[in-house]
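Results of the structural survey
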Amino acid sequence: MILDLKGNTVTTVHKICISNYKKDKFLTTMPSLQWTDNFSLACCFENEQEAFEFSENENVQKIIGDELELYIWTDTRQSIYEDI
């Protein structure tokens, strides 16, 4: 999602990212694999299979730890399992 200076959505990208359950942290690989509160740095995936494969990686599981992860759409920030 790209915002203008007033915070209005200019364009949307319908991809999937991995957030924590509260949707305030997002998995990123910049500058290293970690949680970030900067949504612009979130790893994005074209489909849920790509997101699942990424999250099942052993190194990613170490970062996720006991945190409940949630797969969300980047344009709406709703769970990919919620009805829109």
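Cut-offs applied
- Residues numbered from 1 in each chain as written.
- Predicted model: local features only at pLDDT ≥ 70, side-chain atom pairs only at ≥ 80, totals over all residues.
- Heavy atoms only, no water.
- Buried < 20%, exposed > 50% of the residue type's maximum accessible area, 1.4 Å probe, protein only.
- Helix = DSSP H or I, 4+ residues; strand = E, 2+ residues; numbered from the N terminus.
- Pairing = 2+ DSSP bridges.
- Patch = residues over 30% accessible without salt bridge, like charges linked within 9 Å, V, L, I, M, F, W, Y side chains within 5 Å.
- Areas by Shrake-Rupley, 256 points an atom, 1.4 Å probe, with all protein chains shown as cover.
- Salt bridge = Lys/Arg side-chain N within 4 Å of Asp/Glu carboxyl O.
- Lys, Arg positive; Asp, Glu negative; His and termini not counted.
- Charge placed at Lys NZ, Arg CZ, Asp CG, Glu CD.
- Core = buried A, V, L, I, M, F, W, Y, C linked by side-chain atoms within 4.5 Å.

**Examining the pairing of strand E3 (residues 16-20)**
Across the five residues that make up E3, a large majority, five, are buried. Of the two faces of E3, the one carrying Ile16, Ile18 and Asn20 and the one carrying Cys17 and Ser19 are both buried. Sheet topology places E3 next to strand E6 (residues 69-73); five bridges connect them, and they run antiparallel. Note on E6: the bridge partner recorded for Ser19 is Leu70.

**A word on a negative patch on the surface**
Taken together, the side chains of Asp24, Asp37, Asp66 and Glu67 present a region of like negative charge at the surface. Judged by its relative accessible area of 34%, Glu67 is partly exposed.

**Description of unusual backbone geometry**
At the junction of Met30 and Pro31, the peptide bond is cis and its omega measures out at -5 degrees in the coordinates. Its location among the elements puts Pro31 in the loop between strand E4 (26-28) and strand E5 (34-36). The phi torsion at Lys23 lies on the positive side, around 60 degrees, for a residue other than glycine. Given the relative accessible area of 28%, Lys23 is considered partly exposed. Positive phi outside glycine occurs at Arg77, with the angle close to 60 degrees. If you trace the backbone, Arg77 turns up in the segment after E6. Judged by relative accessible area, Arg77 falls into the partly exposed class, the value being 31%.

**Here we look at the nonpolar core**
Counting residues in each nonpolar core, the largest one holds eleven residues, listed as Ile16, Ile18, Leu27, Cys43, Phe45, Ala51, Val60, Ile64, Tyr71, Trp73 and Ile80. Elements with a minimum of two residues in this core: E3, helix H2 (58-64) and E6. Core analysis: the next-biggest nonpolar cluster, separate from the first, contains six residues, Cys17, Phe26, Phe39 and Leu70 among them.

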